Amino acid sequence: MSADEAEATDETAGDDPVDADDSPSAEGDETPAADETPAADTGETPAAAGTTHTLDGDAILRLRDLDAGYGDLQILSDIDLDVADGEYVTIVGPNGAGKSTVMKTVFGLTTYMDGVVEFEGESIHGLAPEQIIREGIGFVPQNDNVFPGLSVRENLEMGAYILDSVPEDQIEEIYDRFPILRERKEQKAGTLSGGQRQMVAMGRALMLDPDLLLLDEPSAGLAPDLVADMFDRIDRINDSGTAVLMVEQNAKEALRRCDRGYVLVNGENRYTDRGEVLLGDEDVRKDFLGG
Amino acid sequence: MGTTESSIVDAARGRPGLLLVAFLGGLLLVDLAAKLAGLSLGPIGGAISADRFGSNLWNGVVIGLVIGLAGIGLSMTYSILSFANFSHGDLLSTGAFTGWGVAFLIAGFGDIPVRSLLTVRDAGGATAGDIGAHILSTPVAILVGLLAAFAITAAVALALDRAFYKPMRDRDGISILIASIGAALIVRYAIQFVYGSDRRGVTASLDASNLAFAPLGLSVNAHELTIVVAALGLMLAMHFMLQRTKLGTAMRAMADNKDLALVTGIPAERVVTATWIIGGGLAGASGYLYVLLRGTIQFDFGWLLLLLIFAAVILGGIGSVYGAIAGGLVIGIVFTTSTIWIPSDFNEAAAFAVMITMLLLRPEGLFGGVSTA
């Protein structure tokens, strides 16, 4: 019950379109590391990590020169980002860098200002979330990502709302992927543990078998021993062919797991490269990964 | 100041308040038992018969079901659209006048001008008794009237949404609440303009209409029985819709978390439309049934009833459909049984006293935290 109440409070906080993550106040004190390294501050481009933010080949998700924010407040400027078919991409960066905003902008939940948002070769800018889901993108928001009063099964059913009938085989597939959910299918999602809720949320986003799954901080709020477990599950989702675009606080682990990583600072692209290259890059380590 | 206030609240929330309420409740029960036994221990009210107590309870259940039915829509719009809809009471009036217009049209067609029938008016010396609207003599008219009340009020609620609430969808709850007071005034005076402001009789009185339940000593009116059956039927249908259909699940999902419903792909506007149709329709049906119970109609009765409906919904835990039904029953029973101790002029006060006591002891209401489920 107390968890429910806490959720309710969270939800009200969530009504504020500006997430703590992206709030301008967070912007001010966001890069303590940058102060220690004048190189980052003066905008000199550190050499090692890549500064080309686009892919040469085809990408299923293409963002070009994207400007977006909330109301009059611009958070993102000139963001370039690609996700190839089946690719696993993470976005890392300090608080207030606009990581979650990128994701919400793909889903049309922010104020679009300028630039290109393309999915599978077509612009998805201006589409309603239900249409974007139909195009093949699933989204797992950060907090409050289950319907607490609905059973596990009902939560999954809601993920396939746009279909005419409940896709039983897809529900079975998700139960196979997360067996604990089969055991708990009649239980209200609000009574589940944090890890189980995260499974419900992912299962719901996978109901339409999306080509691209957006994950906003999947490890947030999980007990440390469950975090590796969660990353394993994401690996397996990606292995089965679904492209993943993930925002993570747990930057080291995320970069270790992903194919490519984007480092965002102040709503702009800073570095882009393969995960292990970013992990190995001295500037990236010093500035964003705590040495 | 602040500490004193919060310590009072704490005390009321904790055991002392509960003890006090339990003590007073116990006193009332003992006094009630004594009154039923024919003794007059307490300072207020004399002895009562078991029959009278039984009929008090029964009347409370009947009025409670009507209030609970009306509360469902209020609770739904609160949980799904996040505002307290002050035009809800006038939706009851809308349903009552339009529904009874249709019922009169069917019951009295041919004898009395259609215009008078549709405006629920006595015309040219004909009275409500002449039209003879009664569940026993004109059952079809009464039932079609109920359906019409549901359908027309649903349409009116939907029209109000498109005109006022939809353009304000992203505004805060207080702004929409104020707008709903405006909508309430528009509806109320539109009703007064069309139907007039006089209170008038609607149903015919039939001598044979009382069905006695001898073992319980209850004398049950056929209209009361109609109300109970209709209200329970609508509540059951509502329960089935919420728990077993995709639309109902989506309503519960939206009540739980609107932002998540959006990114899950639930078409919010379609769910909102369904919410108005069902919530408005139930309000219209309950207004129609309220008139069937009282036998009279007046343009502002829904508005006057709104406070009791709010009390029921808050008592039950605002946002919960089942809470609205339970709260309606509690309010209804308190409303009628309180007359054992106090004059019936004060029975609304008793209903609110129970609501306030309840909120002090359990601020989230009977079904609090269980949104629409």
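Just so we're clear, the structure is a prediction, and the values are computed from it rather than from any experiment.

### A few points about the overall build of chain B
Summing up its helical and strand segments, chain B has 15 helices and four strands in all. Expressed as a percentage of its 373 residues, the buried residues of chain B come to 53%. Across chain B, the fraction of contacts at a sequence separation of at least 24, relative to all contacts at a separation of at least 6, is 75%. Total accessible area on chain B is roughly 15,800 Å²; 69% of this is exposed by carbon and sulfur atoms.

### Let's talk about the sheet that holds strand β2 (residues 73-83) of chain A
Residue and element names in this part refer to chain A. One open sheet holds the four strands; their spatial order is β2-β1-β4-β5, and the pairing between them is antiparallel. Strands with a single pairing partner mark the edges of an open sheet, and in this sheet they are β2 and β5 (122-123). Here strand β1 (residues 61-70) runs beside β2; their pairing, made up of seven bridges, is antiparallel. If you follow G69 over to β2, its bridge partner there is Q74.

### Focus on a negative patch on the surface
A surface patch of negative charge is lined by A:D85, A:E120, A:E122, A:E135, A:D169, A:E173, A:D209 and A:D211. Tracing the backbone through its elements, the reader meets A:D209 in the loop between α10 (194-206) and β7 (212-216).

### Digging into the sheet that holds strand β9 (residues 260-265) of chain A
Residue and element names in this part refer to chain A. Strand order in the open sheet made by the six strands is β6-β7-β8-β3-β9-β10, with mixed pairing throughout. The open sheet terminates on both sides in strands that have one partner only, identified here as β6 (137-140) and β10 (268-274). On average, adjacent strands in this sheet sit at an angle of 15° to one another, irrespective of strand direction. Direction of pairing for strand β3 (residues 88-92) relative to strand β8 (residues 243-247): parallel, over a ladder of four bridges. Within the sheet, the bridge partner assigned to I91 lies in β8 and is V247. Where helix α11 (residues 224-239) meets the sheet, it contacts β3, β7 and β8, and its direction lies at approximately 150° from that of β8.

### A short note on the pattern of salt bridges
The tally for this structure, following the rule as stated, stands at 21 salt bridges over all chains. A salt bridge links A:D82 to A:R64; its shortest N-O distance comes to 2.9 Å. Highlighted residues: A:D82 in strand β2 and A:R64 in strand β1, separated in sequence by 18 residues. The pair A:D82 / A:R64 is uniform in exposure class, with both members buried. Here B:D161 and B:R162 are joined by a salt bridge, their closest N and O atoms 2.7 Å apart. A relative accessible area of 36% places B:R162 in the partly exposed class.

### Looking at the packing of aromatic side chains
Aromatic ring pairs: the centre-centre distance and the angle between the two ring planes describe each pair. All names here are of chain B. Under the criterion given, the structure shown has eleven aromatic pairs over all chains. Ring geometry for W100 against Y288: centres 4.6 Å apart, planes inclined by 15°, an arrangement best described as stacked. Of this pair, W100 sits in helix α4 (residues 88-108) while Y288 sits in helix α12 (residues 268-294), and the two are 188 residues apart along the sequence. Each of the two residues, W100 as well as Y288, counts as buried. Each residue in the set F83, F164, Y165 and W276 is aromatic and connected to the rest through ring pairs, giving one cluster. The lysine or arginine in question, R188, covers the ring of W303, its NZ or CZ lying 4.1 Å from the ring centre.

### As for the UniProt feature "transmembrane region" (unreviewed entry) in chain B
Here, UniProt's "transmembrane region" (unreviewed entry) annotation points to residues 57-79, 91-110, 140-160, 172-191, 225-242, 271-291, 297-315 and 322-343 of chain B. When the span residues 140-160 of chain B is considered, its composition is 100% helix and 0% strand, and the gap between its end C-alpha atoms is 30 Å.

### As for a nonpolar patch on the surface
Taken together, B:L20, B:F23, B:L24 and B:L27 make up a surface patch of nonpolar side chains, about 410 Å² in accessible area. Along the chain, the position of B:F23 falls in helix α2 (residues 15-36).

### Looking at the interface of chain A and chain B
At the interface, 25 residues of chain A touch 20 residues of chain B. Of the roughly 2,000 Å² buried between chain A and chain B on both sides combined, carbon and sulfur atoms contribute 60%. Counting across the chain A and chain B interface gives one salt bridge. At the junction of chain A and chain B, the tally comes to six residue pairs in polar contact (both at pLDDT 80 or more).

### As for the packing of helix α9 (residues 222-244) of chain B against helix α14 (residues 321-337) of chain B
Residues and elements named next belong to chain B. At a minimum axis distance of 11 Å, the contact between α9 and α14 shows a crossing angle of 160°. Judged by the inter-axis angle, α9 sits roughly antiparallel to α14. Here α9 and α14 pass one another in a crossing that is left-handed. Only V321, Y322 and I325 of α14 make contact with α9, whose side of the interface consists of M235, M238, H239, L242 and Q243.

### Some details on helix α3 (residues 50-81) of chain B
Residue and element names in this part refer to chain B. The first and last C-alpha atoms of α3 sit 45 Å apart over 32 residues, in line with the 46 Å expected at 1.5 Å per residue. Judged by how many residues are buried, α3 sits mostly within the fold: 24 of 32 residues are covered. Directly after α3, the chain includes S82, whose backbone phi takes a positive value near 60°.

### Thoughts on the environment of B:S320
Residue and element names in this part refer to chain B. Take S320: it is sitting in the loop between α13 (301-316) and α14. Overall, S320 belongs to the buried group, its relative accessible area being 1%. Distance in space between the C-alpha atoms of S320 and I72 is 7.9 Å, their sequence separation being 248 residues. Of the polar contacts made by the side chain of S320, one reaches the backbone nitrogen of Y322; its length is 3.4 Å.

### Considering α10(A)
Residues and elements named next belong to chain A. Over its 13 residues, α10 runs 18 Å from end to end, which matches the ideal 18 Å to within 8%, given 1.5 Å per residue. Along α10, twelve of the 13 residues are buried, which leaves the element largely enclosed by surrounding structure. Taken together, the buried positions of α10 are occupied by G195, Q196, R197, Q198, M199, V200, A201, M202, G203, R204, A205 and L206.

### As for the side chain of B:S93
Residue and element names in this part refer to chain B. Within the secondary structure, S93 sits in helix α4. Look at S93 and you get buried, because its relative accessible area is 0%. S93 has contacts with I191, F299, F301, G302 and W303, leaving out every residue within four places of it along the chain.

### Describing the nonpolar core
Within the largest apolar cluster, 135 residues are counted, with the highest numbers of intra-cluster contacts made by A:L81, A:L212, A:L245 and B:W100. Formed by 43 residues, the second largest nonpolar core is a distinct cluster that contains A:V200, A:A201, A:M230 and A:L289.

What counts as what
- Residue numbers here run from 1 along each chain, matching the order of that chain's written sequence.
- Working convention: letters from A go to chains and numbers from 1 go to ligands, in the order in which they are written.
- Since the coordinates come from a predicted model, pLDDT governs what is reported: local features require at least 70, and pairs of side-chain atoms require 80 or more to be given and counted, while whole-chain, interface and lining totals use all residues.
- Side-chain numbers come from the whole structure's heavy atoms, not from hydrogens or water.
- Strands are runs of DSSP state E lasting at least two residues, helices are runs of H or I lasting at least four, and both sets are numbered from the N terminus onward.
- In this scheme, a residue with accessible area under 20% of its type's maximum is buried, one over 50% is exposed, and one in between is partly exposed, where area comes from a 1.4 Å probe on protein chains only.
- Contact definition: two residues touch when any of their heavy atoms are within 4.5 Å.
- In these tables, accessible area is a Shrake-Rupley quantity obtained with a 1.4 Å probe, and a residue counts as shielded only by the protein chains included in the view.
- Between any two strands, at least two bridges found by DSSP are needed for them to pair.
- To count toward a patch, a residue needs a relative accessible area above 30% and no salt bridge. Like charges then connect within 9 Å, nonpolar side chains (Val, Leu, Ile, Met, Phe, Trp, Tyr) within 5 Å.
- For salt bridges, the criterion is a side-chain nitrogen of Lys or Arg within 4 Å of an Asp or Glu carboxyl oxygen.
- Residues scored as positive are Lys and Arg, those scored as negative are Asp and Glu, and His as well as the terminal groups of each chain are ignored.
- One atom stands in for each charge, and that atom is NZ of Lys, CZ of Arg, CG of Asp or CD of Glu.
- Helix axes use the C-alpha atoms of the stretch in contact, all axes being lines fitted to C-alpha atoms, and the angles between their N-to-C directions lie in the range 0 to 180 degrees.
- Put simply, two rings from Phe, Tyr or Trp (the six-membered ring, in Trp's case) pair if the centres are within 6.5 Å, and we call them stacked under 30 degrees between planes, edge-to-face over 60, tilted for the rest.
- Lysine and arginine charges are scored as sitting over a ring when NZ or CZ, respectively, is within 6 Å of the ring centre and within 35 degrees of the ring normal.
- UniProt positions are given in the numbering used here, feature names are shortened, and annotations may be inferred rather than shown by experiment.
- Defined in terms of a 1.4 Å probe, buried area is the accessible area two parts forfeit on being brought together, summed over both.
- Throughout this description, a polar contact denotes any pair of N or O atoms lying within 3.5 Å of each other; where both atoms belong to protein, one of them has to be capable of donating a hydrogen while the other can accept it, and for residues adjacent in sequence the pair is counted only when both atoms sit in side chains.
- Each angle is binned into one of four classes, with values under 35 degrees roughly parallel, values over 145 roughly antiparallel, values of 65 to 115 roughly perpendicular, and all other values oblique.
- We call a crossing left-handed when the near helix sits turned anticlockwise from the far one by less than a right angle, and right-handed when that turn is clockwise.
- What a helix is expected to span follows from its residue count: subtract one and scale by 1.5 Å.
- For this analysis, a nonpolar core means a set of buried residues of the types Ala, Val, Leu, Ile, Met, Phe, Trp, Tyr and Cys, connected via side-chain atoms within 4.5 Å.

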